[in-house]
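The chain contents come next:
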Amino acid sequence: MPKRNATAAVIGAGDFIGSEIAKKFAAEGFSIFAGRRNGDKLAPLVKDVEAAGGEIHARSLDARKEDEVISFLNDADKHAPLEVCIFNVGANVNFPVLDTTERVFRKVWEMACYSGFLAGREAARLMLPHGGGKIFFTGATASLRGGSGFAAFASAKFGLRAVAQAMARELGPKNIHVAHLIIDSGVDTEWVRQRRLEALGPNALDNPDLLMPPSAVADSYWQLYQQPKSAWTFELEIRPFGEKW
């Protein structure tokens, strides 16, 4: 693979989407800095990336803590110039509004919105002296509409979208491409499969193309990365062909 003198940081390198993003950018020659709350769970990702000949540095990271985000991204930039930062923290929860405690609402906001602000700000701080970079945020259906039971999650995702939009307008003229990717679909994970079976019955998984493979999300981020500055996308919505919207 072609080796780049550049780092891609993945904040929220979970078992599915985050890991696939890391593997995709590693395959394209980037040094990967991967962070998630429990760094021990990154062992399978490290094994996969290294087996394919890539370079990865895995860390425990609480993205809600400013000092940890600063340290993580600074270390990435010291290793090789930070060219890409992808914020992929989840926090998808469903509670009836009367069962949504103050603690739940605040924690979801911290995870899905506040930590995105920290990641974006610190990435931009490092990219500006380099003359450019890419900052991408993972959104969801809840970024555009608040569904029943999703008051906490949707408010946080609405907020993250606003942070991304403001950053795109401010940083675009400075050669930093900020984009927000809306995943309007269930992603093909075991948890989602079980939820679909419980909600829709035994035939819910008959058509595999109705769930989005995590690798398809990673491919979409790579497409965003490749865009020329004369035609940058801010917001990209992706969904399977059969998804109702």
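Refer to the preceding data block for the structure.
1. Focus on the overall build of the chain
Then, number 1: Within the chain, the regular secondary structure consists of seven helices and seven strands.
Then, number 2: Overall, the chain is about 50 × 40 × 40 Å in size when its C-alpha atoms are taken along their principal axes.
Then, number 3: Of all intrachain contacts in the chain linking residues separated by at least 6 positions in sequence, the fraction that spans at least 24 positions is 73%.
Then, number 4: Summed over its atoms, the accessible surface of the chain is roughly 11,900 Å², and 53% of this surface lies on carbon and sulfur atoms.
Then, number 5: The positive charge centre, built from 29 side chains, and the negative charge centre, built from 29, are 3 Å apart in the chain.

2. Digging into the packing of helix α4 (residues 102-127) against helix α5 (residues 151-171)
Then, number 1: Orientation of α4 relative to α5, taken along the N-to-C sense of each, is 15°, at an axis distance of 7 Å. Classified by the angle their axes make, α4 and α5 are roughly parallel. In this structure, α4 meets α5 at a crossing whose hand is right-handed. Facing Phe105, Val108, Trp109, Ala112, Cys113, Gly116, Phe117, Gly120, Arg121 and Ala124 of α4, the residues of α5 in contact are Ala151, Ala152, Phe153, Ser155, Ala156, Gly159, Leu160, Val163, Met167 and Leu171.
Then, number 2: Classifying every residue of the contact of α4 with α5 by side-chain character gives 15 nonpolar, four polar and one charged.

3. What to know about the packing of aromatic side chains
Aromatic ring pairs are reported here in terms of the distance separating the ring centres and the angle at which the planes meet.
Then, number 1: On inspection of all chains with the given rule, the structure shows eleven aromatic pairs.
Then, number 2: Aromatic side chains Trp222 and Tyr225 sit 4.8 Å apart centroid to centroid with 20° between the ring planes, which places their arrangement in the stacked category. Of the two residues, Trp222 and Tyr225 both sit in helix α7 (residues 214-226), three residues apart, roughly one turn of that helix. You'll find Trp222 and Tyr225 in the same group, each marked buried.
Then, number 3: What links up through ring pairs into an aromatic cluster is the set Phe25, Phe30, Trp222 and Tyr225.
Then, number 4: The ring of Tyr225 carries Lys134 above its face, with NZ or CZ at 5.5 Å from the centroid.

How each quantity is defined
Residues numbered from 1 in each chain as written. Predicted model: local features only at pLDDT ≥ 70, side-chain atom pairs only at ≥ 80, totals over all residues. Heavy atoms only, no water. Helix = DSSP H or I, 4+ residues; strand = E, 2+ residues; numbered from the N terminus. Contact = heavy atoms within 4.5 Å. Areas by Shrake-Rupley, 256 points an atom, 1.4 Å probe, with all protein chains shown as cover. Lys, Arg positive; Asp, Glu negative; His and termini not counted. Charge placed at Lys NZ, Arg CZ, Asp CG, Glu CD. Axes fitted to C-alpha atoms, helices over the stretch in contact; angles between N-to-C directions. Parallel < 35°, antiparallel > 145°, perpendicular 65-115°, else oblique. Left-handed = near helix turned anticlockwise from the far one by under 90°. Nonpolar A, V, L, I, M, F, W, Y, C, P; charged D, E, K, R; others polar. Phe/Tyr/Trp six-rings, centres within 6.5 Å; stacked < 30°, edge-to-face > 60°. Buried < 20%, exposed > 50% of the residue type's maximum accessible area, 1.4 Å probe, protein only. Lys NZ or Arg CZ within 6 Å of the ring centre and 35° of its normal.

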